Amino acid sequence: MRPKVSKGRPESPLVGRWGKAPYPKMLRYLFLEMFGLSLTALFSAAEQATGLVKDMDTSILNTLSLIAPDLMEEMELRALILERVAALEPIGRRALAARLHLAEREVRAAAEALKKAGCLTQSASGMELTPQGQSLVEAARAVSGGRRTLSGIELTLSQMLGVERVCVVRGDADIDSGVMEEVARAAARQIRFLLQGAHVMAVTGGRTVAKTAEAIAVAAPMEITVVPAQGGMGGGVSTQANTVAERFAQKLGGYYRFLHLPDGLSGAAADELARLPQVREPLELVRHADVLLYGIGRAMDLAQRRGLSRVEQETLREEGAVAEALGFYLSADGRVVGGGSSLAFKPEDIGRKNRAAAVAAGRAKAEAILAVCAHHPHKLLVVDEGAALRMLELLRP
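Residues numbered from 1 in each chain as written. Predicted model: local features only at pLDDT ≥ 70, side-chain atom pairs only at ≥ 80, totals over all residues. Heavy atoms only, no water.

Two side chains bearing opposite charge may form a pair once their charged atoms approach each other closely. Throughout the structure, instances matching the rule amount to 17 salt bridges. Close ionic contact of Arg317 with Glu314 constitutes a salt bridge, the shortest N to O distance being 3.6 Å. Of the two residues, Arg317 and Glu314 both sit in helix α15 (residues 310-318), 3 residues apart, roughly one turn of that helix. On the accessibility criterion, Arg317 (42% relative accessible area) is partly exposed. Look at Glu314 and you get partly exposed, because its relative accessible area is 38%. Close ionic contact of Glu393 with Arg390 constitutes a salt bridge, the shortest N to O distance being 2.9 Å. Taken together, the residues Glu393 and Arg390, both in helix α17 (residues 385-395) and 3 residues apart, mark about one turn of the helix. (Salt bridge = Lys/Arg side-chain N within 4 Å of Asp/Glu carboxyl O. Helix = DSSP H or I, 4+ residues; strand = E, 2+ residues; numbered from the N terminus. Buried < 20%, exposed > 50% of the residue type's maximum accessible area, 1.4 Å probe, protein only.)

Read across the sheet, 4 strands follow the order β8-β9-β10-β11 without closing on themselves; strand pairing throughout is antiparallel. Two strands lie at the open edges of the sheet, namely β8 (297-298) and β11 (336-339), each paired on one side alone. Looking at chain direction, strand β10 (residues 328-331) and β11 are connected through 3 bridges and run antiparallel. Bridge pairing in β11 places Tyr329 opposite Gly338. Against the sheet, helix α16 (residues 366-375) touches β8, β9 (321-325), β10 and β11, its axis set at about 70° to β9. (Pairing = 2+ DSSP bridges. Contact = heavy atoms within 4.5 Å. Axes fitted to C-alpha atoms, helices over the stretch in contact; angles between N-to-C directions.)

This next bit is on the sheet that holds strand β7 (residues 291-295). Working definition: the strands of a sheet are paired by backbone hydrogen bonds and lie parallel or antiparallel to each other. Spatially, the 7 strands line up as an open sheet ordered β3-β13-β12-β7-β4-β5-β6, and their pairing is parallel. The open sheet is flanked by β3 (165-169) and β6 (255-256), the only strands paired with a single partner. Note that strand β4 (residues 200-203) and strand β5 (residues 225-228) share 4 bridges and pair parallel. Bridge pairing links Val203 to Pro228 in β5. Sheet strands in contact with helix α9 (residues 178-194) are β3, β4, β7, β12 (355-359) and β13 (380-384), and its direction is about 165° off that of β13. Strands β3 and β13 of the sheet are contacted by α17, whose axis makes an angle of about 105° with β13.

This part covers the pairing of β4. Side-chain alternation along β4 places Val200 and Ala202 on one buried face and Met201 and Val203 on a second face that is also buried. Note on the crossover from β4 through helix α10 (residues 207-215) to β5: the handedness is right-handed. Relative to β7, β4 is paired through 3 bridges, and the arrangement is parallel. Paired with Ala202 across the bridge in β7 is Leu292. (Right-handed = clockwise from strand over helix to strand, strands pointing away.)

The description of an aromatic ring pair uses the distance of the two centres, along with the angle that the planes make with each other. The full count for this structure, using the stated rule, is 1 aromatic pair. With a centroid separation of 5.2 Å and an interplanar angle of 45°, the aromatic rings of Tyr256 and Phe258 are classed as tilted. Assessed through its relative accessible area of 12%, Tyr256 is described here as buried. Overall, the relative accessible area of 29% leaves Phe258 in the partly exposed class. (Phe/Tyr/Trp six-rings, centres within 6.5 Å; stacked < 30°, edge-to-face > 60°.)

A separate point is the packing of α9 against α10. Where α9 contacts α10, the axes come no closer than 8 Å and their chain directions differ by 60°. Classified by the angle between their axes, α9 and α10 sit oblique to one another. With respect to the hand of their crossing, α9 and α10 are arranged in right-handed fashion. Judged by residue contacts, Met180, Glu181, Ala184, Arg185, Ala187 and Ala188 of α9 engage Arg207, Thr208, Lys211, Thr212 and Ala215 from α10. Class assignment of the residues belonging to the contact of α9 with α10 gives a composition of 5 nonpolar, 2 polar and 4 charged. (Parallel < 35°, antiparallel > 145°, perpendicular 65-115°, else oblique. Left-handed = near helix turned anticlockwise from the far one by under 90°. Nonpolar A, V, L, I, M, F, W, Y, C, P; charged D, E, K, R; others polar.)

Below, the discussion takes up the side chain of Ser158. Relative to the assigned elements, Ser158 resides in helix α8 (residues 137-161). Overall, the relative accessible area of 9% leaves Ser158 in the buried class. Ser158 has contacts with His101, Val163, Glu164 and Val166, leaving out every residue within four places of it along the chain.

So, on to the nonpolar core. Judged by nonpolar contacts, the single largest core of 40 residues is most densely connected at Leu157, Tyr294, Ile369 and Leu381. When residues of this core are assigned to their parent elements, the largest contribution, 7 residues, is made by α16. Not counting residues within four places of it along the chain, the set of residues in contact with Leu157 comprises Gly162, Val166, Val168, Ala388, Met391, Leu392 and Leu395. Ala213, Ala249, Val359 and Val382 belong to the second largest nonpolar core, which has 34 residues in total. (Core = buried A, V, L, I, M, F, W, Y, C linked by side-chain atoms within 4.5 Å.)

Next up, the structure:
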């Protein structure tokens, strides 16, 4: 019998995508007016003639990104599409999505919003700018610069790592702890799409994955069962895999099952516990999960947190362990060099029998992220700019 799951509170009217209900009109107009006034002041004919358009006042944009980062991201995306349509018109949505390495649904939604705003038209030959859209191209170019840079990083990492979808969030969580919240939001936006056609999702514990669960927007309930991918490992209850799985189920409107099994347990004790129905049944769900979402940690950080002895930690160092994921310790070239006590997964099955999605933040985790990507394929990787730039440094000779 499936346990009852609370459907959660309705989404706040202040949460959502820019320009969509249920945003209060006053708030929406406030941002439009702020943005519009800044463009009027910054992109007058006189300033364009003197080249001041290149020195856009970033204070307003920085303020917007702090007040409402989701609004800023949407504005950057629309500005990017407006600027690219100007350069490539007429162009179809699919072709533009391929050029920008974006999901077609993202381009479609942004293009529809621009069409309603009177900035572009759509026909059988593709999208083209209206006179109003043409008048905003220079402003759009200034606004979209940051987003275009991140898109380039995403595309490069996707190609170099063989990851189907890479999302990079501006900032470095090692410098600004608030960046982790943005990484979680970015991951949360992708999860519903990753779950299309899925029946079971397995999730690990940890701060980043827990924050991703909290960032999931409440929407139409999904027929999905969420299970913990690992047992408990001590520490705070809020970041335990069981708690995180329950929270995901609540936000998605699905179901959950607990896994009553200490993490890291191996040998005869683990085998004995695995025979119990309350352990065996959720373990089977984990083994056959369609989607696997997990965080990535640095090997020695996790070894200390899990209470490994000095001898065990030294062995991991000698083996070159740099990463930890799903209970496995990995070397820089993606070899499993320790751990491996998981009753749910075999290392060779990860990412091959399920859609693997990883989320991590901070420049210091770059080497660990690369190690995990070297071990198995991923459908989705969400990181911050600090980690992404360091990864590129390590990948380039």
